[in-house]
Amino acid sequence: MEAHLDIAGVGKRFRQTVVLEDLSLAMRKGEFVSLLGPSGCGKTTLLRILAGLLSPDGGRLHLAGRDIGRLPPHRRNIGVVFQNYALFPHLTVFDNVAFGLRARGTPREEIAPRVRRLLDMVRLGPMASRAIAQLSGGQQQRVAMARALAVNPELILLDEPLSALDRKLRETMQVELRQLLRELGMTAVFVTHDQEEALALSDRIAVMNAGRIEQLATPAEIYARPASPFVLDFVGQSTALHGEVVEAGDGRLSVQTAYGVLRAQGHFAKRARVLVAVRPERIAPRPAPDAEWTGIDLPLAAQTFLGSRRLLHGHLGGGDRAIVELPAETEISGDMLPISWRITDTLVFPAPDVAE
Amino acid sequence: MTRGIGLAVAWFALIGCIVFLLAPLVVTVGVSLSPSPVFQLPQGEISWRWYERLGRLDGLLDSVLLSLQIAAFATAVSLVLGTMAAIAVVRGTFPGRETLATFLVSPLMLPGLVIGIAMLQCFRALGLRDALPSLLIAHVIVVLPFVMRTLTAGLSLFDFSLLDAARTLGLSYPKAVIRVMVPVLAPSFITGGLFGFLASLDNYPISIFLTDVYHRTLPIQLLQYLGESPDPTVAAVSTLIIAMTALLLIVGDRLVGLNRMAGV
Amino acid sequence: MTRLGIGWLAVPACVFCLLVFALPLALLLLESLRDGQGWTLDGYRNFLGSAYSWQVTTRTLRLAVLTTLICIIIGYPAAFALARARGVWQALFVAALLLPLSLSVIVKAFGWTVLLRSNGVVNRLLMASGLTDAPMRLIFTETGLLIGIANIFLPFMVLPIFSVIRQIDPRLTDAAATLGAGPIHGFTRVVVPLTMPGVVAGVTLVFSMSIAAYVIPTLLMGDRYQTLSTTIATSFLYLQDPQRGSVAGVVLLVLSLLVVGASVVLARKVRATP
């Protein structure tokens with residue numbers, strides 16, 4: 001099947017700095033993909049290249065079977081929701097939404113009903129004649145959505161569109177946004193540095209770091225099977241211990257860590273430096289009951305109570321970290337807690353060159 | 001207590017200020033409406049006789065038209081040059097941007113008479129002896145600083161992602177500039193253009209060196225009337241200038257708001 | 001070249017200003033160093049050696065200093081009152097400042113020649129109030145000139161200070177008060193430093209414009225009262241002595257540049273110490 005959006009070998013450097021490195025990504029029609037990464041990872045650069053606001057040094061871009069790589073932004077038929085919304089302050093809500101239609105020379109009698117329908121869709125029908133400055137942050141965000149969608153684009157790009165909103169509103173807007181895009185069958189690229197947002201919204205997530213995609217997969221897979229220590233660290237929380245492989249064979253490993261020998265699965269050579277990790281909710285507060293489990297005695301540092309759950313933080317040194325998630329009612333006493341998890345839940349990575 | 005005294009002083013100063021500032025204007029209007037041929041405020045009756053004599057002033061209309069023409073030309077050129085330079089200063093990354101901005105605003109801070117005489121000598125040396133082109137060129141230097149100042153201020157607050165937004169919505173770059181940047185920055189254009197226009201209309205120190213008998217700008221003509229015919233006809237001319245200035249400010253207020261203009 | 005990027009947009013204005021503004025000023029400097037035969041410092045030697053030139057220069061400076069002082073003494077408190085005014089009143093006050101500011105200098109100067117006459121409005125008021133018995137001589141005196149110049153440049157002092165005060169959070173003085181600062185202390189320690197950027201801007205404008213004023217001294221004092229500006233004009237227009245005019249021009253230019261330079265330094269200092 002041919003991809004709706006096909007990014008092939010796109011690269012970009014500013015002076016000596018490589019911002020994007022030979023990046024490829026293909027998306028189905030109607031798919032929602034998040035570009036997730038820390039600031040400076042190249043996600044916004046990629047978004048601007050897609051929009052045509054920045055030209056890449058090399059590579060090809062295809063959208064709906066068209067080569068758009070050399071088209072200026074106004075010929076690409078791509079809608080963009082900007083981080084600060086970039087609403088036109090001198091125009092009303094209605095005129096903002098109608099802007100793209102007028103720019104394309106859409107007949108007058110088609111514009112009004114289309115704008116009204118979009119404004120109703122984002123529940124701003126009664127606000128049509130308001131000035132932008134009179135709207136709240138959430139309302140402005142919805143105008144920006146309606147404006148980008150009004151021209152019926154082949155693709156919509158969202159640049160951290162919810163980051164300016166407070167937490168509560170952001171969560172409501174997430175649901176609304178996802179519903180709206182799904183109803184329209186819109187293909188969307190969503191840039192964010194907020195991993196929770198990416199996990200909640202996306203069909204697939206591209207975790208980006210230093211101009212490359214570290215992993216492209218569904219949210220569940222990214223969380224359960226992170227492809228690198230970076231992804232492990234950036235998405236979700238984890239216990240991670242550095243160690244050295246002391247026994248290896250048959251896809252089974254024994255790793256010597258500062259807190260004892262852990263057993264895990266994987267193919268590493270003996271004496272290899274590795275990072276052994278496990279997600280917090282996979283951990284049970286007891287010693288390993290049988291050979292399918294492995295664990296350590298964890299010195300406790302602090303607890304955080306989160307309503308339904310409780311997080312225990314380990315007191316570890318040397319770049320190791322430990323975090324355990326338990327039901328809130330679990331009683332914990334003492335400074336030491338024996339913890340264990342299934343060997344099949346263990347994640348093993350080659351140790352990163354530089355411990356951060 | 002001290003606060004009260006301080007406030008009283010402040011209000012007194014403000015009221016005094018305004019009476020002081022408006023006094024010459026009020027007197028000028030008053031004298032123009034007085035029937036007396038010596039400069040006096042009208043005592044009871046009002047007369048339009050000095051306005052009827054306006055037509056008899058030699059060269060008044062010509063000088064008004066010339067000044068308007070020069071000011072319009074200089075403002076138009078300055079708006080184009082100034083906008084481009086302001087964008088370069090605000091958006092550019094080249095070294096010396098601040099110095100460049102100061103340079104382009106500096107004619108406002110330097111003595112007009114010195115600039116005028118320097119231009120005269122330079123234009124002569126370059127073989128430019130005609131009054132009209134000299135005046136047109138020179139007045140761009142008068143207006144440009146006003147435009148630069150308001151536009152750099154306006155542009156530093158302008159959100160350039162608006163242009164990106166307009167482009168993704170289907171406008172080419174030049175069209176995006178015209179449809180989005182120009183209207184959003186309209187207050188800066190209007191304020192800078194208006195004050196620059198008025199400065200050009202009123203310029204004496206530069207113009208005096210560049211005029212000839214056939215090209216006398218309004219301020220030069222006015223100063224000549226003051227020298228040779230001390231009767232209230234000059235007050236009538238001045239009153240018309242006051243009225244026109246007030247009218248321009250009212251238009252500016254409708255378009256931009258006085259407070260915004262005062263901020264410049 | 002590509003590094004200049006969007007900087008190319010500044011090229012037309014730059015070239016224009018270099019040709020029409022900077023080049024003439026440079027030529028003026030050269031002219032001041034020449035006489036009929038060749039290069040010479042005679043112009044400067046004559047100027048600096050003449051007691052009259054010194055008198056003219058100090059007079060010009062004194063006029064500018066006094067004008068600036070008058071403007072700041074009236075303008076500073078007035079700017080505070082203006083910032084406290086509300087709604088329509090503030091709009092009216094601002095309009096009352098903007099109209100004279102925008103108005104032709106010649107028209108205002110004409111108004112003052114009428115006001116300051118011995119049978120003019122000011123003298124009538126003075127006599128009616130019993131302050132003087134005989135009409136005071138005001139026109140063609142330095143007092144009258146100072147009144148006129150201050151009048152013309154006052155708005156340029158009030159408006160910059162006003163726009164700075166407008167941005168000061170009134171809670172700052174309250175905060176100072178809760179920290180135990182009395183009203184005077186709070187004012188001098190908190191408010192005055194915050195208004196300094198406006199004061200620097202206003203002082204620079206008023207000083208640099210009054211040092212170069214030409215129309216008002218000519219109208220209110222006549223030709224015999226010489227400032228640097230009138231010296232330039234008479235040297236070129238009547239005496240045909242371009243060297244003397246050029247030297248006076250360079251002196252005035254240097255003084256103005258010093259003012260602008262000082263203001264840039266001061267403005268930076270004021271911004272650096274919040």
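Keep in mind the model is a prediction, meaning the values are calculated, not measured.

**A word on the overall build of chain A**
So, point 1. Broken down by element type, chain A carries eight helices and 19 strands.
So, point 2. Taken along the three principal axes of its C-alpha coordinates, chain A extends 75 × 45 × 40 Å.
So, point 3. Relative to its full complement of 356 residues, chain A shows a buried share of 50%.
So, point 4. Long-range pairs, those at least 24 residues apart, make up 65% of the contacts in chain A between residues at least 6 apart in sequence.
So, point 5. Carbon and sulfur atoms form 48% of the exposed surface of chain A, whose accessible area is close to 16600 Å².

**Brief notes about the overall build of chain B**
So, point 1. Check the secondary structure of chain B and you find 13 helices and zero strands.
So, point 2. For chain B, the N- to C-terminal ordering of α and β elements is α-α-α-α-α-α-α-α-α-α-α-α-α.
So, point 3. Viewed in the frame of its principal axes, chain B has a C-alpha envelope of about 70 × 70 × 40 Å.
So, point 4. Going through the 264 residues of chain B one by one, you find that 58% of them count as buried.
So, point 5. Measuring between centres, the 15 positive side-chain charges of chain B sit 10 Å from its 13 negative side-chain charges.

**Details of helix α3 (residues 51-84) of chain C**
So, point 1. Across its 34 residues, α3(C) extends 49 Å between first and last C-alpha, which sits within 8% of the 50 Å expected from 1.5 Å per residue.
So, point 2. Along α3(C), the largest kink reaches about 30° and is centred on Gly75(C); proline Pro77(C) follows within four residues of it.

**Re the interface of chain C and chain B**
So, point 1. Between chain C and chain B, the contact holds 88 residues from the first and 77 residues from the second.
So, point 2. Together, the buried faces of chain C and chain B total about 7200 Å²; carbon and sulfur atoms form 83% of this surface.
So, point 3. Ranking the residues of chain C by area buried against chain B places Phe21(C), Ile106(C) and Phe110(C) at the top, with a combined share of 10%.
So, point 4. Counting across the interface, chain C meets chain B through zero salt bridges.

**Re the packing of aromatic side chains**
So, point 1. Scanning all chains against the criterion turns up 13 aromatic pairs over all chains.
So, point 2. Ring geometry for Phe32(A) against Phe190(A): centres 5.5 Å apart, planes inclined by 40°, an arrangement best described as tilted. With Phe32(A) in strand β3 (residues 32-36) and Phe190(A) in strand β8 (residues 188-192), the pair connects residues that are 158 residues apart, well separated along the chain.
So, point 3. Residue classification places Phe32(A) among the buried positions, given a relative accessible area of 1%.
So, point 4. Here Phe190(A) falls in the buried class, since its relative accessible area comes to 0%.
So, point 5. By way of ring pairs, the aromatic residues Trp11(B), Trp89(C) and Phe93(C) are connected into one cluster.

**Brief notes about the UniProt feature "transmembrane region" (unreviewed entry) in chain B**
All names here are of chain B.
So, point 1. Cross-referencing UniProt, the feature "transmembrane region" (unreviewed entry) maps to residues 64-88, 100-120, 132-155, 176-199 and 233-251 in the present numbering.
So, point 2. As annotated, residues 132-155 has a helix share of 100% and a strand share of 0%, and its two end C-alpha atoms lie 33 Å apart.
So, point 3. Secondary structure within residues 233-251 divides into 100% helix and 0% strand; the distance between the first and last C-alpha atoms comes to 27 Å.

**What to know about the packing of helix α11 (residues 218-228) of chain B against helix α12 (residues 233-255) of chain B**
Residue and element names in this part refer to chain B.
So, point 1. In the contact formed by α11 and α12, the axes pass within 10 Å of each other and the chain directions differ by 150°. Viewed along their axes, α11 and α12 adopt a mutual orientation that is roughly antiparallel. Two packed elements cross with a definite hand, and for α11 against α12 that hand is left-handed. Contacts between α11 and α12 pair Leu 218, Leu 222, Tyr 225 and Leu 226 from the former with Val 234, Val 237 and Ile 241 from the latter.
So, point 2. Grouping the constituent residues of the contact of α11 with α12 by class yields seven nonpolar, no polar and no charged.

**Section: the UniProt feature "domain: ABC transporter" (unreviewed entry) in chain A**
So, point 1. The UniProt feature table records "domain: ABC transporter" (unreviewed entry) at residues 5-235 of chain A.
So, point 2. Summarising residues 5-235 of chain A: 37% helix, 26% strand, and an end-to-end C-alpha distance of 25 Å.

**Quick word on the domain arrangement of chain A**
Residues and elements named next belong to chain A.
So, point 1. When cut into domains, chain A gives domain 1 (5-232) and domain 2 (237-350).
So, point 2. Here the C-alpha centroids of domain 1 and domain 2 sit 38 Å apart.
So, point 3. Across the contact surface, domain 1 and domain 2 share zero salt bridges.
So, point 4. Counting across the interface, domain 1 meets domain 2 through four residue pairs in polar contact (both at pLDDT 80 or more).
So, point 5. Residue assignment for the side of domain 1 that touches domain 2 shows that the elements contributing at least two residues are α7 (219-224) and α8 (229-234).

**Description of the sheet that holds strand β2 (residues 17-27) of chain A**
Residue and element names in this part refer to chain A.
So, point 1. Taken in spatial order, the four strands line up as β2-β1-β4-β5 in an open sheet, and their pairing is antiparallel. Of all the strands in the sheet, the pair left with one neighbour each is β2 and β5 (66-67).
So, point 2. Here strand β1 (residues 5-14) runs beside strand β4 (residues 58-63); their pairing, made up of five bridges, is antiparallel. Across the sheet, residue Ile 7 finds its bridge partner in β4, namely Leu 61.
So, point 3. Strands in contact with helix α1 (residues 43-51) are β1, β2 and β4; relative to β1, the strand with the most contacts, it is inclined by about 120°.

**Observations concerning the nonpolar core**
So, point 1. With 209 residues, the main nonpolar core has Ile7(A), Phe88(A), Leu157(A) and Leu98(C) as its most contacted residues.
So, point 2. Every residue in contact with Leu157(A), bar those within four places of it in the chain, is listed here: Leu47(A), Leu50(A), Ala51(A), Ile78(A), Gly79(A), Val80(A), Val81(A) and Val189(A).
So, point 3. Core analysis: the second largest hydrophobic core is formed by 39 residues, Tyr85(A), Ala98(A), Leu118(A) and Phe190(A) among them.

**A closer look at the environment of Lys12(A)**
Residue and element names in this part refer to chain A.
So, point 1. Relative to the elements of secondary structure, Lys 12 occurs in strand β1.
So, point 2. Its relative accessible area of 11% is what places Lys 12 among the buried residues.
So, point 3. Note: C-alpha distance between Lys 12 and Gly 42 (30 residues apart in sequence) is 9.1 Å.
So, point 4. Once you skip the residues sitting within four places of it in the chain, Lys 12 turns out to touch Thr 17, Val 18, Val 19, Leu 20, Thr 45, Ile 49, Leu 54, Ser 55, Pro 56 and Asp 57.
So, point 5. A distance of 2.8 Å separates a polar atom in the side chain of Lys 12 from the backbone oxygen of Ser 55.

**Structural notes on the sheet that holds strand β11 (residues 239-249) of chain A**
Residues and elements named next belong to chain A.
So, point 1. Here five strands make up an open sheet; going across it, the order is β13-β12-β11-β14-β19 and the pairing antiparallel. Each edge of the sheet is formed by a strand with only one pairing partner; in this case those strands are β13 (260-265) and β19 (347-350). Each neighbouring strand pair of the sheet contributes to a mean axis angle of 40°, computed without reference to strand direction.
So, point 2. Note: strand β12 (residues 252-257) against β13, six bridges, orientation antiparallel. The residue bridging Ser 254 from the neighbouring strand is Arg 263, located in β13.

**A short note on the confidence of the model for chain B**
So, point 1. In the predicted model, chain B carries a mean pLDDT of 89, and 97% of its residues have values of at least 70.
So, point 2. The ipTM, which scores confidence in the relative placement of chains, is 0.87 for this predicted complex, and the corresponding pTM is 0.80.

**What about the pattern of salt bridges?**
So, point 1. A complete count under the given rule lists 20 salt bridges over all chains for this structure.
So, point 2. A salt bridge links Asp253(B) to Arg254(B), with the shortest nitrogen-to-oxygen separation between them at 3.9 Å.
So, point 3. The structure contains a network of salt bridges with shared partners spanning Arg28(A), Glu31(A) and Arg204(A).

**Details of a nonpolar patch on the surface**
So, point 1. A cluster of nonpolar side chains, contributed by Leu126(B), Trp8(C), Val11(C), Val15(C), Leu19(C) and Leu23(C), occupies part of the molecular surface with about 540 Å² of accessible area.
So, point 2. Overall, the relative accessible area of 33% leaves Leu23(C) in the partly exposed class.

**As for unusual backbone geometry**
Residues and elements named next belong to chain A.
So, point 1. Phi is positive for Ala 210, close to 50°, though the residue is something other than glycine.
So, point 2. With respect to the element layout, Ala 210 can be found in the loop between β9 (204-209) and β10 (212-217).
So, point 3. Even without glycine at this site, Asp 250 takes up a positive phi of about 60°.
So, point 4. Structurally, the position occupied by Asp 250 is in the loop between β11 and β12.

Rules and cut-offs
- Residues numbered from 1 in each chain as written.
- Chains lettered and ligands numbered in written order.
- Predicted model: local features only at pLDDT ≥ 70, side-chain atom pairs only at ≥ 80, totals over all residues.
- Heavy atoms only, no water.
- Helix = DSSP H or I, 4+ residues; strand = E, 2+ residues; numbered from the N terminus.
- Buried < 20%, exposed > 50% of the residue type's maximum accessible area, 1.4 Å probe, protein only.
- Contact = heavy atoms within 4.5 Å.
- Areas by Shrake-Rupley, 256 points an atom, 1.4 Å probe, with all protein chains shown as cover.
- Lys, Arg positive; Asp, Glu negative; His and termini not counted.
- Charge placed at Lys NZ, Arg CZ, Asp CG, Glu CD.
- Expected span 1.5 Å × (residues − 1).
- Bend = angle between axes of the 7 residues up to and from the residue.
- Buried area = accessible area lost by both parts, 1.4 Å probe.
- Salt bridge = Lys/Arg side-chain N within 4 Å of Asp/Glu carboxyl O.
- Phe/Tyr/Trp six-rings, centres within 6.5 Å; stacked < 30°, edge-to-face > 60°.
- UniProt positions renumbered as here; feature names shortened; annotations may be inferred.
- Axes fitted to C-alpha atoms, helices over the stretch in contact; angles between N-to-C directions.
- Parallel < 35°, antiparallel > 145°, perpendicular 65-115°, else oblique.
- Left-handed = near helix turned anticlockwise from the far one by under 90°.
- Nonpolar A, V, L, I, M, F, W, Y, C, P; charged D, E, K, R; others polar.
- Domains from an automatic or database assignment.
- Polar contact = N/O pair within 3.5 Å; in protein donor to acceptor, adjacent residues only side chain to side chain.
- Pairing = 2+ DSSP bridges.
- Core = buried A, V, L, I, M, F, W, Y, C linked by side-chain atoms within 4.5 Å.
- pLDDT = per-residue confidence, 0-100.
- Patch = residues over 30% accessible without salt bridge, like charges linked within 9 Å, V, L, I, M, F, W, Y side chains within 5 Å.

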